[in-house]
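Chain by chain, the residues run as shown.
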Amino acid sequence: MFGRRRHHRYKTHAGYAARQCGTSRWVWRTPHGRYYLVDPTGTHRLDPTHGAMQFEAPDGLELYFAELRYEPAA
């Protein structure tokens, strides 16, 4: 329950946005324009092109890339 409240506060007050992009898959966009894919294997920072495509895809459309490029960890 606590995690849900924290996610709600991030999305509502801190400028984060999230959308579901498939079963057990979510894409988050930070206030700085970075994208993260959260799935059962973990959280992965996406490159800006793939992140935007995932985030802006029409509802009900699931995108799976042959080569999903992750940003290197900072």
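A short tour of the structure in this document, coming up.

What counts, and where the lines are drawn
- Residues numbered from 1 in each chain as written.
- Predicted model: local features only at pLDDT ≥ 70, side-chain atom pairs only at ≥ 80, totals over all residues.
- Heavy atoms only, no water.
- Pairing = 2+ DSSP bridges.
- Helix = DSSP H or I, 4+ residues; strand = E, 2+ residues; numbered from the N terminus.
- Axes fitted to C-alpha atoms, helices over the stretch in contact; angles between N-to-C directions.
- Buried < 20%, exposed > 50% of the residue type's maximum accessible area, 1.4 Å probe, protein only.
- Lys, Arg positive; Asp, Glu negative; His and termini not counted.
- Salt bridge = Lys/Arg side-chain N within 4 Å of Asp/Glu carboxyl O.
- Polar contact = N/O pair within 3.5 Å; in protein donor to acceptor, adjacent residues only side chain to side chain.
- Contact = heavy atoms within 4.5 Å.
- Core = buried A, V, L, I, M, F, W, Y, C linked by side-chain atoms within 4.5 Å.

## Description of the sheet that holds strand β4 (residues 42-46)
Inference 1: Pairing is antiparallel across the open sheet formed by four strands, whose spatial order is β1-β2-β3-β4. Only two strands of the sheet have a single neighbouring strand rather than two, namely β1 (17-22) and β4. Averaged over all pairs of adjacent strands, the angle between their axes in this sheet comes to 25°, without regard to strand direction.
Inference 2: Pairing between β1 and strand β2 (residues 25-29): five bridges, direction antiparallel. Bridge assignment links Gln20 to a residue of β2, and that residue is Trp26.

## Comments concerning the side chain of Asp39
Inference 1: Among the secondary structure elements, Asp39 is positioned in strand β3 (residues 35-39).
Inference 2: Put simply, Asp39 is tucked away with no salt bridge, and the nearest opposite charge, on Arg25, sits 5.2 Å away.
Inference 3: A distance of 2.6 Å separates a polar atom in the side chain of Asp39 from a polar atom in the side chain of Thr41.
Inference 4: With sequence-adjacent residues up to four places away left out, Asp39 is seen in contact with Ser24, Arg25 and His44.

## Looking at the nonpolar core
Inference 1: Core analysis: the biggest nonpolar cluster contains eight residues, these being Ala17, Cys21, Val27, Tyr35, Leu37, Leu46, Ala52 and Phe55.
Inference 2: Those elements that place two or more of their residues in this core are β1, β3 and α2 (48-56).
Inference 3: Apart from the residues within four sequence positions on either side, Cys21 is in contact with Trp26, Val27, Leu37, Gln54 and Glu62.

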